[in-house]
Amino acid sequence: MKKTILIIDDEKDIIEFISYNLINHGFNVISAFNGKDGLNKAILENPDLILLDIMMPEMDGYETCSEIRKIKALDNTVVVFLSAKNEDVSQIQGFDAGANDFIVKTIKTKLLVKKIFGLLKLTENLIDNEAEKDASDDLLIDYDSLTITIEGKKFNLTKKEFNLISLLYSNTKKVFRREEILDKIWGNDVVVGDRTIDVHIRKLREKLGNNKIITIKGVGYKYCI
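Computed from a predicted structure; not experimentally measured. (Residues numbered from 1 in each chain as written. Predicted model: local features only at pLDDT ≥ 70, side-chain atom pairs only at ≥ 80, totals over all residues. Heavy atoms only, no water.)

Engineer: In this structure, what is going on with the sheet that holds strand β9 (residues 176-177)? I would like to understand it.
Structural biologist: Adjacent strands of a sheet pair through backbone hydrogen bonds, lying either parallel or antiparallel. In spatial order, the strands read β9-β11-β10; together these 3 strands make up an open sheet with antiparallel pairing. Every other strand in the sheet has two partners, leaving β9 and β10 (213-216) as the edge strands with one partner each. Relative to strand β11 (residues 220-223), β9 runs antiparallel, the two sharing 2 bridges. Directly across from R177, in β11, lies its bridge partner G220. Packing against the sheet, helix α6 (residues 159-170) makes contact with β9, β10 and β11, and its axis sits at approximately 75 degrees to β11. Packed on one face of the sheet, helix α8 (residues 196-208) meets β10 and β11 and runs near 145 degrees to β10. (Pairing = 2+ DSSP bridges. Helix = DSSP H or I, 4+ residues; strand = E, 2+ residues; numbered from the N terminus. Contact = heavy atoms within 4.5 Å. Axes fitted to C-alpha atoms, helices over the stretch in contact; angles between N-to-C directions.)

Engineer: Whenever I open this one, the environment of F162 confuses me. Can you help?
Structural biologist: Tracing the sequence through the fold places F162 in helix α6. Given the relative accessible area of 2%, F162 is considered buried. Remark: the alpha-carbon pair of F162 and I185, spanning 23 residues in sequence, is separated by 9.9 Å. (Buried < 20%, exposed > 50% of the residue type's maximum accessible area, 1.4 Å probe, protein only.)

Here it is, written out as structure tokens:
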């Protein structure tokens, strides 16, 4: 079955060029020229992946992405920013809005197509894994005592460990990127080492078992139920 990609960009030439290449690789392609129209088409078409520009009329890319992430029916839709803005702050803002990836517009077409195939494959694998798990996961969170209970066994955690597992468990369908974890658990004003997340993940695995938190290589971490 063909995958559907929605391109939201106010530059007609870019949409036509990308659409041509994606169609040649077997995708269905729909397009919108501003964020508001793009949001409406996303709701109507339920695409598998959305390529989203930042600077657009009606509604910019960040706001559009945030609105998309509020729609339950689009939970499994991959959202990728495709923008000429390559500053770190722009990319961080994109991930904070709920994007799965951020690609700079100077990317070559062949690499863009490869990235799209890879992101769609990753999403399919995560959905398949989720369906195979017992939906009645056993994790109970006690915010007063900073403890969690799994299958009747209580675990005492440090505050950072507790906040980390709570974040991962808040959306078991999502892969949390390292940048997002650092921002939400440690905050922007705290300087931490590059291995800080890895150390806390390792300690959590030692307490909870290796099967609860999985690593998605090159992306981030996910709680596995």
